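Residue-level structure breakdown
For reference, the chains in residue letters:
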Amino acid sequence: MGQSAFQAAAAAARARRDALHAGERRGVHLSPARLCLAHPRAFARRVISGFRANQGMLLAGAVAYYALLSIVPLLILTVIALSHVLPEAEVLETVGRYLAWVVPSRSQSKAVVGELAAFLAHKEVVGWLLLVTMLFFSSLAFTVLENAMSVIFIHRVAHRKRPLLASLVLPYVYILCLAVGLLVVTIVAGGLVELGSRTIDFLGHHWSLDRFSRMLLYLVGFGGEIVLLTSVYLVMPVGKLAVRHALIGAVAAALLWEITRHVLLWYYATLSQVTVVYGSLTTAIVVLLSLELGATLLLLGAQVISEYERLMHHGGRPPEADLVVH
């Protein structure tokens, strides 16, 4: 039974291969999307091979290191700016809720929020020099990420380059956009939290909206994650990228991060001895590990887009023979 099923699958694969070759001989080629769907394992192998050839893990390590330097100054600047519009407690609650998406360890994400709250309690000591310094460190991660994207999308850099002024201004414009996005998310999340405190009374029955509110908060976080990743793929690489292609990479990276995040949550809650090993360095180590994994998946999503673009440039023909499943 198992052998016959295997033979049937092999025959189906050979039929798809023969149909592809027959189409090429007639001058008919599959679209890149259909080619990826027809041979998903081969496309995945191309993505992983390209990621390794581009030293993806090394690039992710560099992005994670500079993100560790940038995350606290960035959060401080954002919270200080938004505290002039919204109550500090509401802003900190939103930051803590969605920081847990980046740092899955609840205790360590709370520690970061605690440091933010302590800084806000003495924000009057922030002078212009400290403000400019924090702004500079906040931009480092975006600069390194732009350089990493140029390696992934090397086929674009070979034809066009971004002006120096645009590269210098881009991180600060992106920081401003992130602050505006956090403002919108804070307002929406505040409304959803308020919704969760209410109940529906009908025919003597009472239904709490707390579970519905939590589900909407999760969807807001997941949707915001996809929008953020899409914006990264649209802005950071050189040249113009189709929104559809950026969305493909963003959804792939977001789904992989959701799986990774839940695995990390389980690990930190059950098996982790990181506090025993690293002691006072625990928060830095946990944040760095989370940023390393997140940067890896972010660049892996970029590699998906890059390989898809290469398929498009070949007019639906596989650029290499390994895209045909034998």
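Each chain has its residues counted from 1, following the order in which its sequence is written. Reporting in this predicted model follows two pLDDT cut-offs: at least 70 for local features of residues, and 80 or more for side-chain atom pairs to be given and counted; totals over whole chains, interfaces and linings ignore these cut-offs and use all residues. Side-chain figures throughout are based on the complete set of non-hydrogen atoms in the structure, without hydrogens or water.

1. Section: the overall build of the protein
Condition: Each helix is a run of DSSP H or I of at least 4 residues and each strand a run of E of at least 2, with the numbering of both proceeding from the N terminus. The classification of residues rests on relative accessible area computed with a 1.4 Å probe and restricted to protein chains. Under 20% of the type maximum is buried, over 50% is exposed, and intermediate values are partly exposed. Throughout, a contact is declared for two residues whenever any of their heavy atoms are within 4.5 Å. Each accessible area is a Shrake-Rupley result for a 1.4 Å probe, and residues are judged covered by the shown protein chains and nothing else.
Counting secondary structure elements, the protein contains 13 helices and 2 strands. The proportion of buried residues among the 326 residues of the protein is 40%. Sequence separation of at least 24 residues holds for 80% of the intrachain contacts in the protein that already meet a minimum separation of 6. Accessible area for the protein stands at about 18200 Å²; split by element, carbon and sulfur atoms hold 69% of it.

2. Side note on the pattern of salt bridges
For the record, the criterion: A side-chain nitrogen of Lys or Arg and a carboxyl oxygen of Asp or Glu constitute a salt bridge if their distance falls within 4 Å.
Scanning all chains against the criterion turns up 2 salt bridges. A salt bridge links Arg 46 to Glu 307; the shortest N-O distance between them is 2.9 Å. Here Glu 307 lies in helix 13 (residues 282-313) and Arg 46 lies in helix 3 (residues 40-53), a separation of 261 residues in the sequence. You'll find Arg 46 and Glu 307 in the same group, each marked buried. With a shortest N-O distance of 3.1 Å, Arg 261 and Glu 258 are connected by a salt bridge. Placement of the pair is Arg 261 and Glu 258 together in helix 11 (residues 243-270), with a separation of 3 residues, close to one helical turn. Relative accessible area serves as the criterion here: at 7%, Arg 261 is assigned to the buried category. For Glu 258, a relative accessible area of 7% gives the class buried.

3. Focus: the layout of surface pockets
Selection criterion: Of the two site types, the cavity is a set of points on a 1 Å grid over the protein atoms alone where a 1.4 Å probe fits but cannot get out, and the pocket is an open set with protein on both sides within 12 Å along at least five of seven lines, each lined by residues with an atom within 4 Å of a point. Grid points are joined across faces, edges and corners, and a volume is the space filled by probe spheres set on the points. Three classes are used, and their members are as follows: Ala, Val, Leu, Ile, Met, Phe, Trp, Tyr, Cys and Pro are nonpolar, Asp, Glu, Lys and Arg are charged, and the others, Gly among them, are polar.
In this structure, the largest pocket occupies an estimated 1400 Å³ of space. Along the walls of the largest pocket sit 40 residues, with Leu 74, Tyr 98, Val 102, Leu 178 and Leu 228 positioned nearest its centre. Mapped onto the lining of the largest pocket, the elements with two or more residues apiece are helix 4 (56-82), helix 5 (88-102), helix 7 (128-152), helix 9 (164-196), helix 10 (210-235), helix 11 and helix 13. Ranked by the residues each element gives to the lining of the largest pocket, the list is headed by helix 10, at 9 residues. The residue inventory of the lining of the largest pocket, partitioned by class, reads 29 nonpolar, 10 polar and 1 charged. Considered as a void within the structure, the second largest pocket measures approximately 510 Å³ in volume. Together, 21 residues line the second largest pocket, and Arg 97, Ala 100, Trp 101, Arg 106 and Leu 217 are the ones closest to its centre. Going through the elements one at a time, helix 5, helix 6 (106-121), helix 9, helix 10 and helix 11 are the ones with two or more residues in the lining of the second largest pocket. Of the residues forming the lining of the second largest pocket, the biggest block, 6 residues, is contributed by helix 5. Split by residue class, the lining of the second largest pocket holds 9 nonpolar, 5 polar and 7 charged.

4. Focus: the confidence of the model for the protein
Heads up, the rule is: For every residue, the pLDDT score states the predictor's confidence, bounded by 0 at the bottom and 100 at the top.
Here the protein averages 75 in pLDDT, and 78% of its residues register 70 or above. This model gives residues 22-28 a pLDDT under 50, and the stretch forms 4 contacts once residues within four places in sequence are excluded. Here residues 318-326 scores under 50 on pLDDT; set against residues more than four positions off or in separate chains, the count is 29 contacts.

5. Things to note about the packing of aromatic side chains
For clarity, the threshold we go by: Two rings from Phe, Tyr or Trp (for Trp, the six-membered ring) form a pair when their centres sit within 6.5 Å of each other. Planes less than 30 degrees apart are called stacked, planes more than 60 degrees apart edge-to-face, and all others tilted.
Inspection of every chain in the model, using the stated rule, returns 3 aromatic pairs. Ring geometry for Tyr 218 and Phe 222: centres 6.4 Å apart, planes at 5°, overall stacked. Of the two residues, Tyr 218 and Phe 222 both sit in helix 10, 4 residues apart, roughly one turn of that helix. The partly exposed category is assigned to Tyr 218, whose relative accessible area is 34%.

6. Describing the nonpolar core
Keep this limit in mind: For this analysis, a nonpolar core means a set of buried residues of the types Ala, Val, Leu, Ile, Met, Phe, Trp, Tyr and Cys, connected via side-chain atoms within 4.5 Å.
Among the nonpolar cores identified, the biggest contains 36 residues, and Leu 145, Met 149, Tyr 233, Met 236 and Leu 299 are the most heavily contacted of them. The set of elements that each furnish at least two residues to this core consists of helix 4, helix 5, helix 7, helix 9, helix 10, helix 11 and helix 13. Setting aside anything within four residues of it in sequence, one finds Met 236 in contact with Phe 142, Leu 145, Glu 146, Met 149, Arg 162, Leu 170 and Tyr 174. Leu 75, Leu 120, Val 274 and Val 286 belong to the second largest nonpolar core, which has 30 residues in total.

7. A few points about the environment of Ile 154
Checked against the element boundaries, Ile 154 lands in helix 8 (residues 154-157). Given a relative accessible area of 45%, Ile 154 falls into the partly exposed group. For the pair Ile 154 and Pro 237, spaced 83 residues apart in the sequence, the C-alpha separation amounts to 9.5 Å.

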